[in-house]
Amino acid sequence: SKDYLKLNPGLAEEIEMAVRHQVMSGDVPLPVSGPAGDDDGEGAADDESFTTGRLEYPQYTRPPVFRGMAVPDVLVSGNHAEIAKWRLEQSIARTRARRPDL
């Protein structure tokens, strides 16, 4: 199966009307330096599945233990290089397990 987004025709029409209103009223957002990220080229979308071609790594939040599932120690270690390595490994493993076609 392919990953894609389907819009409800009514929703698409509402979006189009909202965009037209913004253009006519002058409420068009201006581009800013480094959209979706910093000026150094490392944007927020760099780790997204549509950018990397892999599924994302697992996401965790507080509390550190929720319904018997604990946040991996590496994620609370503060070691950014090890965290990046863990995320890449998890992303590759998830993709192989769930979407071997990618």
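Analysis parameters
- Residues numbered from 1 in each chain as written.
- Predicted model: local features only at pLDDT ≥ 70, side-chain atom pairs only at ≥ 80, totals over all residues.
- Heavy atoms only, no water.
- Helix = DSSP H or I, 4+ residues; strand = E, 2+ residues; numbered from the N terminus.
- Buried < 20%, exposed > 50% of the residue type's maximum accessible area, 1.4 Å probe, protein only.
- Contact = heavy atoms within 4.5 Å.
- 1 Å grid on protein atoms, 1.4 Å probe; cavity = no way out; pocket = protein on both sides within 12 Å on 5 of 7 lines; lining within 4 Å.
- Points joined across faces, edges and corners; volume = space filled by probe spheres on them.
- Nonpolar A, V, L, I, M, F, W, Y, C, P; charged D, E, K, R; others polar.
- Phe/Tyr/Trp six-rings, centres within 6.5 Å; stacked < 30°, edge-to-face > 60°.
- Expected span 1.5 Å × (residues − 1).
- Arc of directions from axis to C-beta.
- Polar contact = N/O pair within 3.5 Å; in protein donor to acceptor, adjacent residues only side chain to side chain.
- pLDDT = per-residue confidence, 0-100.
- Salt bridge = Lys/Arg side-chain N within 4 Å of Asp/Glu carboxyl O.

A few points about the overall build of the protein chain
Here's step 1: Across its full length, the protein chain carries 3 helices and 2 strands.
Here's step 2: If you list the helices and strands of the protein chain from N to C, you get α-α-β-β-α.
Here's step 3: Counting across all 102 residues of the protein chain, residues that qualify as buried make up 10%.
Here's step 4: Intrachain contacts of the protein chain at a sequence separation of at least 6 include 44% that bridge at least 24 residues.

Some remarks on the layout of surface pockets
Here's step 1: Empty space within the largest pocket amounts to approximately 250 Å³.
Here's step 2: Every residue lining the largest pocket is counted, 14 residues in all, and those nearest its centre are Y60, T61, V71, L75 and V76.
Here's step 3: The residue inventory of the lining of the largest pocket, partitioned by class, reads 10 nonpolar, 2 polar and 2 charged.

Comments concerning the packing of aromatic side chains
Here's step 1: Evaluated as defined, the whole model comprises 1 aromatic pair.
Here's step 2: With a centroid separation of 6.3 Å and an interplanar angle of 55 degrees, the aromatic rings of Y60 and W86 are classed as tilted. Here W86 lies in helix 3 (residues 80-98) and Y60 lies in the loop between helix 2 (49-52) and strand 1 (65-66), a separation of 26 residues in the sequence.
Here's step 3: You can call Y60 partly exposed: its relative accessible area is 40%.
Here's step 4: Its relative accessible area of 13% is what places W86 among the buried residues.

Considering helix 3
Here's step 1: Counted at 1.5 Å a residue, the expected span for helix 3 with its 19 residues is 27 Å, and the 26 Å between its end C-alpha atoms agrees.
Here's step 2: Listed as buried for helix 3 are I83, W86, S91 and T95. Here the buried residues of helix 3 occupy an arc of 160 degrees about the axis, which is enough to place them on one side. Along helix 3, the residues that are exposed and aim more than 90 degrees away from the buried face are A81, R96 and A97.
Here's step 3: The N-terminus of helix 3 is capped by N79, whose side-chain oxygen sits 3.2 Å from the backbone nitrogen of A81.

Some remarks on the confidence of the model for the protein chain
Here's step 1: On average, the protein chain scores 74 in pLDDT, and the residues at 70 or more come to 58%.
Here's step 2: Ranking the helices and strands of the protein chain by mean pLDDT puts helix 3 first, with 92, and helix 2 last, with 65.

Notes on the pattern of salt bridges
Here's step 1: In this structure the tally under the stated criterion is 1 salt bridge.
Here's step 2: Here R99 makes a salt bridge to D101, at a shortest N to O gap of 2.8 Å.
Here's step 3: Residue classification places R99 among the buried positions, given a relative accessible area of 13%.

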